[in-house]
Amino acid sequence: MSLDHPMNSLGFAKPPSETRVVVAMSGGVDSSAVAAQLASEGYDVVGVTLQLYDHGAALAKKGACCAGRDIHDARRVAETMGFPHYVLDYENTFREAVIDEFADAYLAGATPVPCIRCNERVKFKDLLNTARDLDADCMATGHYIQRKDGALGPELHMAADHARDQSYFLFSTTAEQLAYLRFPLGHLQSKSETRALAGKFGLTVADKPDSQDICFVPNGNYAAVIEKLRPGAADPGDIVDMDGNILGTHRGVIHYTIGQRRGLGIGGLEDPLYVVKLDADSKRIVVGPKEALSTRIVPLREINWLGDAPLDSRKEWPIMAKVRSTRPPREAILRPISATEAEVELLSPEEGVSPGQACVFYAPEGSRVLGGGWIWRGY
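Residues numbered from 1 in each chain as written. Predicted model: local features only at pLDDT ≥ 70, side-chain atom pairs only at ≥ 80, totals over all residues. Heavy atoms only, no water.

Undergrad: How should I be thinking about the overall build of the protein in this particular structure?
TA: Regarding its fold elements, the protein presents eight helices and 17 strands. Radius of gyration (C-alpha) of the protein: 22 Å, near the 21 Å computed for a compact globule of 379 residues. Projecting the C-alpha coordinates of the protein onto the three principal axes gives extents of approximately 75 × 50 × 35 Å. Buried positions account for 51% of the 379 residues belonging to the protein. (Helix = DSSP H or I, 4+ residues; strand = E, 2+ residues; numbered from the N terminus. Rg over C-alpha atoms; globule rule 2.2 N^0.38 Å. Buried < 20%, exposed > 50% of the residue type's maximum accessible area, 1.4 Å probe, protein only.)

Dropping the structure here:
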């Protein structure tokens, strides 16, 4: 093969036919469109779908990724486009790496984000290693995020369509993983372009609805899943104000989240009260006025840093910070404590910042993702 062969669309100096790419296929329209597009360009595509939890239960649940229907849909796309497709049983790995921590975090009064852990510990770790075992040159996914070549190597950037951007869920992608990953949908301007792409190839999933739930949490009922995983988890306890005065009783810490106002069962008060703290050890829910939810200082650990210089090479980094997936980035100052720990000062307070959530860093200008860390209580 000539060394001066032009770069193909995945960034390799060889023909697509000589470039093997493993596509992580969830059975949804996004990853299906990616696989079909790459196959149509002549790449050596191998589709891989992960079976992440009980297949029997999955068949009875609609609308979640990696369910029985989704495995069937992914297989049909592979058959339509003529590339091999494999289903890998990752149930034990998924339970140990994602579900167990999800349950334990809720029991400890945190608000976990299992989709981030799944990307970090399963899809971009074990599945990526599987792709390497298959002698693939790279692995492609249907995530809405961009990988751009920078002066010091690949950089992570927000999707062109900020309404679809998934950078919050991918902050823990390491530089080494980023070198191997490809995100062909990140530059698209809207989801309708993805559906049009799937329609162009005659894929039956072109009009398939987006998944809204966490794949192992039917109908968003976290408490029911945790009670099943951890019997006795929904023990009742006291609802107290910020001075410790008992205002009522609750039906289990796992049924409540930071910032919650409705469903507390303590009506009749002059001013509305919100959940400001979940004390799992004492089985207490602490409530207070809305202003008690405001947070400026956010302690972080398990930081994944994607900046050009080491995180702890400076005392402060001006950044834009995102503390919830549904909120826009806000101006902040990042102060490193070590290579993996830091404190973020939000220049304007945020409400409902909760342990277990992620705080994701962005460059002050432009679309670059600089990494992120996990919010904890700081003690």
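Undergrad: Quick question: what am I supposed to make of the nonpolar core here?
TA: Across soluble globular proteins, nonpolar side chains have a tendency to be buried as a group. Membership of the largest hydrophobic core comes to 52 residues, with the highest contact counts inside it found for Leu52, Phe94, Val122, Met139 and Phe216. If near-sequence neighbours (up to four positions away) are discounted, Met139 is found in contact with Val21, Val22, Lys123, Phe124, Leu127, Leu128, Ala131, Tyr180, Leu181 and Arg182. Ranked by size, the runner-up nonpolar core spans 30 residues in total, among them Val34, Leu185, Val205 and Ala206. (Core = buried A, V, L, I, M, F, W, Y, C linked by side-chain atoms within 4.5 Å. Contact = heavy atoms within 4.5 Å.)

Undergrad: When you look at the sheet that holds strand 10 (residues 274–279) in this model, what are you seeing that I'm missing?
TA: Sheets are built from strands paired through backbone hydrogen bonds, the pairs being either parallel or antiparallel. Strand order in the open sheet made by the four strands is 9-8-11-10, with mixed pairing throughout. Looking at the sheet topology across the chains shown, the edges are occupied by strand 9 (246–250) and strand 10. Each adjacent strand pair in this sheet contributes to an overall mean axis angle of 30°, direction not counted. Where strand 8 (residues 237–240) meets strand 9, four bridges bridge the pair, whose relative direction is antiparallel. (Pairing = 2+ DSSP bridges. Axes fitted to C-alpha atoms, helices over the stretch in contact; angles between N-to-C directions.)

Undergrad: Got a minute to help me understand the sheet that holds strand 1 (residues 20–24) in this structure?
TA: What the five strands build is an open sheet, ordered 3-2-1-4-7; its pairing is parallel. Edge positions in the open sheet fall to strand 3 (85–89) and strand 7 (181–182), since each of these has one partner strand only.

Undergrad: Before we go on, may I ask you to explain helix 3 (residues 68–81) in this structure?
TA: In a regular helix each residue adds 1.5 Å, so 14 residues correspond to 20 Å; helix 3 covers 21 Å between its end C-alpha atoms and thus fits that length. Burial in helix 3 covers these residues: Gly68, Asp70, Ile71, Asp73, Ala74, Val77 and Ala78. A positive phi of about 75° marks Gly82, the residue just after helix 3. (Expected span 1.5 Å × (residues − 1).)

Undergrad: Sorry, what's going on with helix 4 (residues 91–107) here?
TA: In an α-helix, one turn spans 3.6 residues, which is why side chains three or four residues apart end up on the same side. Helix geometry: helix 4 is bent most strongly at Ile99, by close to 30°. Phe94, Ala97, Val98, Ile99, Asp100, Phe102, Ala103, Ala105 and Tyr106 are the residues of helix 4 that are buried. Directly after helix 4, the chain includes Gly109, whose backbone phi takes a positive value near 85°. (Bend = angle between axes of the 7 residues up to and from the residue.)

Read these as layout, nothing more, since geometry by itself doesn't imply function.
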